Amino acid sequence: MPSLTRWLKLLRRPRTPRELSRLGVLGMNARNHQFVQTLNPRDRYPLVDNKWLTKLALERWGIPTPRQIAHLTCQADLRHLEKLTRNVRGFAVKPCKGAGGKGILVITGRKNEDFVGANGRAVSLARLRGHIANTLSGMHSLTGRKDAALLEELVVFSEALDRYTYQGVPDIRVLVYRGYPAFAMARLPTSEANGKANLHQGAVGVGIDLATGCALNACQHNRALRRHPDTGVDLLSLKVPEWQPALEMATRCWEMCGLGYLGADIVLDANQGPMVLELNARPGLSIQIANGCGLRHRLAAIDALPHDPTPRPKERVRLARQLAAQA
Amino acid sequence: MPNSKQRLSPRAELLILSFVLVGAAVALMFYRISEYGMPLLPVSNQPVWAIGVEVRFDPIRRAPGNRSTATKNDAPTRGGVATEANLQPIKVSLALPPRQNIGANIFEEESVAPGYGFHLGETANARRAIWTRRDPGREPQHLFYSMLVSALSDSDKAAVESPLRITPPVLEADERSSIQGLIDLARRRSSDRTSLVQQLLVALDEEAGLREGEPGIVPSEKATKVETAVRVLLSAGIPARMARILPLDEEQASRSLVEWLDVVVDGHWRLVNPEDGSFGIPVGAMVWKRGGSSLLDVEGGRRSSARFTVVRHALPAAVVSRGIAGDRNTSNPIFSIQQVPHRQQKLFKMLLLIPLAALAIVFMRNLVGVLTSGTFLPLLLSLAFLETGLLPGIAMFVLIVAAGMLLRGYLSHLNLLLVARISAALIIVVFLMVLFSVISWRIGWFQGLKISVFPLVIIAWTIERLAITIEEEGPRDALLELGGTLLVSAVCFGIVSNRWAEHVVFNFPESNIIVLVLTLWLGTYSGYRLTELYRFRHLDSASRISVTDASSHKT
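The present account deals with the structure reproduced in this document. On a predicted model such as this, the values are computed, not experimentally measured, just so you know.

**Thoughts on the overall build of chain B**
Scanning chain B from N- to C-terminus turns up 15 helices and 13 strands. In chain B, buried positions account for 44% of the 555 residues. Across chain B, every contact between residues at least 6 apart in sequence was considered, and the portion connecting residues at least 24 apart equals 77%. Carbon and sulfur atoms provide 59% of the accessible area of chain B, an area that totals close to 29600 Å².

In structure tokens, the structure reads:
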């Protein structure tokens, strides 16, 4: 019994810097200083921060991504909204310069006159217009300035992750370091997060082993957990299908945008397989908690891999999976 | 491609830069300490007050064709009228406190008035500063007079000159009965001259409270309370005059003197506080003049005013005076704040503390990891809290933001566009502030009146951002952000209100170079934040990833 309480106490108290360092945890200051500021050239940010530019680049490079329906740049474009969405079943409206999941409105279908939102509630055309108008005036953009809105086809997510999700679209975040996949985690929406895959709001993060595509560890709100709070499924049974193609397209994004510390968000479409949803130049540190492990050691190992010249994407993925298997 | 010059690493550059900057700053500080005896710690018991008087007026244009003011010594104009001759010659006379002063020990007086002739006129009991100039130009004129004051004494008794001449004022018909009424009332309620004066003041207060808007002899636009009291007392045959007091505090940037009553009781002139009728020396203030002629006379000018600024120096008097005297020698290149007009000195006191507060913000963000709503909002809030006090200020801020967010909640129903909604929030905030001020005045909580200093636009934006954060990330994140903002602003407040910090940055402005260097170094800190030690506490202690080839690398 004494050892149990001591073990419990050990779990709950904050770590000392030395412990975190030994665990290889990457802190925000270090991430900004040594990785983001040094490896991500500032002039490449617009390509990644602006969802429309990202989509154009993905399409040009032949990297699978949800189809673009419309790119609305001014209030006058709202006139065409009805016509544009007439033949589309489900779509997502995204602020081009938004950060995180901010300002994204998901429409899953129609019901009489109205649209149906992600949580099943009705969304009128007026409300949709209002949301887009807000977006255009910069409400959800990073800088607060004028923005554009991107309408893209909604992903019908594959059944593989059905049991692990509560509404919303689950995605897989792959951290690509100098072109090599380093870590990966699946973000699963929950009811607490209102159907969003946002870890801050209560979505579940599941660390994925690069070597196998299987779950390593699961967490919610920085704390480990075993079962999905809504569906009750054992999270460690999660396995990502088509893992190799998913990793390959993530690493190809490095060639596309030239950012050395990159987060690639991948979704699994039921019909089209893995697709890149968006890219992130400042990927967060929760991926460490989802994997139950610090980033530093893996990043150091990748530094030891060849970089001059960097191998082709397939080879890079192979090397990265090999690294993961050795750990 | 080989470089002919070897570039230093950024770290080495920073190190060299810091050494140079800190070295220069420390050398300058050392010079000040050794050469001027400027102490590093503020002298708390005997502050020195630097008083600056600013006299402003507009020169009067002489009426055309009026040559009567020209003297015989004027040179005849050659062909045409010279423009300067259209302006009257100026003579400005300002009453000064006598050297043997009640409540203060005066030293280091100085006049700064370029283009003017200056001399001190001293008569038996009155000193006046006199500035003269023949052709002042058209612009509004500014004349400065400064003095250093220390060592308040504690007796207010002033000798009555003999023979004591009082001229009873000439009363108009409608005044006579009211004045007599007041005198009788006060006499009935009092037992001696002291209580008579006090009861008179009380009666004047009552009249002012009862008869607002009615013409009478009570305080109105025609006469202030003290003027009225003097008039009444003189009519009753009691020697009385007006005294002018300068409160020695830094509450206001530039102010006029406060009127007090001076009455002869038991053979001495005694000062009376018109607010509460207490006799004795004003606390924390200096007596500028008692009775006598007017405070400020300007011949040849109009719309004249005299504004007083007080700056507190927690320094030994010798240091302050030496600092000022030393800087007047132009060979001395040391930049010193004491040279600058007093209004600007007060501004500098606050400005110079801002770098330290900014350093605190960097510290709280990068080392502690507190997230705030906007990077410099805490700084602005802390400056506002200087006026209101920390806890009242926080309470007011939270109240206004909460009220604003409730109202904004309704606005979001209306589905307005962004800019319109922010503007509406701003208007609502203005209304809330006015409402708050009025309510707090009604209930007697005077701290609430200072709410107007809060940066309006910042509050409107904060309301908007917090509302969005609640909508998108949940109330928990919004509360954390708000709490973080208030925490950091409390820290900044601790800095900008700290006497020792104020003393150091004001008297050693170069200390801010050290602050700059510290900020630069904090910017290079890449270790863990305090909040991260908590955030990652659940990570497994068994490290899963082993380093396959952890040889040192170069990117």
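**Thoughts on helix α5 (residues 51-60) of chain A**
Residues and elements named next belong to chain A. Among all positions of α5, only Lys 51, Thr 54, Lys 55, Ala 57 and Leu 58 are buried. All buried residues of α5 project into a common sector of 165° when viewed along the axis, lining one side. Its buried side turned inward, α5 meets α4 (45-49), β1 (68-72), β2 (91-95), β6 (149-153), α8 (243-257) and β13 (273-280). For α5, the N-terminal cap is Asn 50; the gap from its side-chain oxygen to the backbone nitrogen of Trp 52 is 3.0 Å.

**A few points about the sheet that holds strand β5 (residues 122-123) of chain A**
Residue and element names in this part refer to chain A. Taken in spatial order, the six strands of this open sheet run β1-β6-β2-β3-β4-β5, and their pairing is antiparallel. Among the strands making up the open sheet, the edge pair consists of β1 and β5. Across five bridges, β2 lies against β6 in antiparallel orientation. For Phe 91, the partnering residue across the bridge sits in β6 and is Glu 153. Across the sheet, α5 lies against β1, β2 and β6, angled at about 140° from β1, the strand it touches most. Sitting on the sheet, helix α7 (residues 125-136) is in contact with β1, β2, β3 (105-111), β4 (114-117), β5 and β6, with an inclination near 30° to β2.

**Some thoughts on the pattern of salt bridges**
Residues and elements named next belong to chain A. For the structure shown, the criterion picks out 24 salt bridges over all chains. The closest approach of N and O atoms between Arg 226 and Asp 234, which form a salt bridge, is 2.9 Å. Glu 248 is paired through a salt bridge with Lys 314; the nearest N and O atoms lie 3.8 Å apart. Placement of Glu 248 in helix α8 and of Lys 314 in helix α11 (residues 313-326) is noted, with a sequence separation of 66 residues between them.

**Notes on the packing of aromatic side chains**
Under the defined criterion, the tally for this structure stands at seven aromatic pairs over all chains. Ring geometry for A:Phe91 against A:Phe115: centres 5.7 Å apart, planes inclined by 85°, an arrangement best described as edge-to-face. Highlighted residues: A:Phe91 in strand β2 and A:Phe115 in strand β4, separated in sequence by 24 residues. Among the residues examined, A:Phe91 registers a relative accessible area of 0% and is labelled buried. Judged by centre distance (5.5 Å) and plane angle (40°), the rings of B:Phe118 and B:Trp131 are tilted. Of this pair, B:Phe118 sits in strand β4 (residues 117-122) while B:Trp131 sits in strand β5 (residues 127-133); the two residues are 13 residues apart in sequence, bridging distant segments of the chain. For B:Phe118, a relative accessible area of 35% corresponds to the partly exposed category. Ring pairs connect the aromatic residues A:Phe35, A:Tyr177 and A:Tyr261, which therefore count as one cluster. Between the NZ or CZ atom of B:Arg241 and the centre of the ring of B:Trp269, over which it lies, the distance is 3.9 Å.

**A word on a positive patch on the surface**
Taken together, A:Arg79, A:Lys83, A:Arg86 and A:Arg110 make up a surface patch of like positive charges. Its location among the elements puts A:Lys83 in helix α6 (residues 81-85).

**Describing the side chain of A:Asp171**
The topology assignment puts A:Asp171 in strand β7 (residues 171-177). By relative accessible area, A:Asp171 is classed as buried at 7%.

**Re the packing of helix α8 (residues 377-388) of chain B against helix α9 (residues 390-413) of chain B**
Residues and elements named next belong to chain B. As a packed pair, α8 and α9 sit with axes 7 Å apart at the nearest point and diverge in direction by 120°. Overall, the two elements α8 and α9 adopt an arrangement that is oblique. In this structure, the crossing between α8 and α9 has a hand that is right-handed. For the pair formed by α8 and α9, the contact residues are Leu 381, Phe 385 and Thr 388 on the first element and Leu 390, Pro 392, Gly 393, Ile 394, Met 396 and Phe 397 on the second. Per-class residue counts for the contact of α8 with α9 are seven nonpolar, two polar and no charged.

**Considerations on the state of the cysteines**
All names here are of chain A. In the structure shown here, the tally under the stated rule is zero disulfides over all chains. Among the cysteines around Cys 74, which has no disulfide bond, Cys 96 carries the closest sulfur, lying 13 Å off. Cys 74 sits in the partly exposed class, given a relative accessible area of 36%. Free cysteine: Cys 219, not disulfide-bonded; nearest cysteine sulfur from Cys 293 at 13 Å. On the basis of relative accessibility, which here comes to 5%, the residue Cys 219 falls in the buried class.

**Focus on unusual backbone geometry**
Residue and element names in this part refer to chain A. Cis geometry is adopted by the peptide bond preceding Pro 309, which originates at Asp 308 and carries an omega value of 5°. Note that Pro 309 resides in the loop between α10 (296-303) and α11. Look at Glu 242: it is not a glycine, yet its phi comes out positive at around 50°. Note on placement: Glu 242 falls in the loop between β11 (223-224) and α8.

The rules we used
Residues numbered from 1 in each chain as written. Chains lettered and ligands numbered in written order. Predicted model: local features only at pLDDT ≥ 70, side-chain atom pairs only at ≥ 80, totals over all residues. Heavy atoms only, no water. Helix = DSSP H or I, 4+ residues; strand = E, 2+ residues; numbered from the N terminus. Buried < 20%, exposed > 50% of the residue type's maximum accessible area, 1.4 Å probe, protein only. Contact = heavy atoms within 4.5 Å. Areas by Shrake-Rupley, 256 points an atom, 1.4 Å probe, with all protein chains shown as cover. Arc of directions from axis to C-beta. Polar contact = N/O pair within 3.5 Å; in protein donor to acceptor, adjacent residues only side chain to side chain. Pairing = 2+ DSSP bridges. Axes fitted to C-alpha atoms, helices over the stretch in contact; angles between N-to-C directions. Salt bridge = Lys/Arg side-chain N within 4 Å of Asp/Glu carboxyl O. Phe/Tyr/Trp six-rings, centres within 6.5 Å; stacked < 30°, edge-to-face > 60°. Lys NZ or Arg CZ within 6 Å of the ring centre and 35° of its normal. Patch = residues over 30% accessible without salt bridge, like charges linked within 9 Å, V, L, I, M, F, W, Y side chains within 5 Å. Lys, Arg positive; Asp, Glu negative; His and termini not counted. Charge placed at Lys NZ, Arg CZ, Asp CG, Glu CD. Parallel < 35°, antiparallel > 145°, perpendicular 65-115°, else oblique. Left-handed = near helix turned anticlockwise from the far one by under 90°. Nonpolar A, V, L, I, M, F, W, Y, C, P; charged D, E, K, R; others polar. Disulfide = S-S within 2.5 Å.

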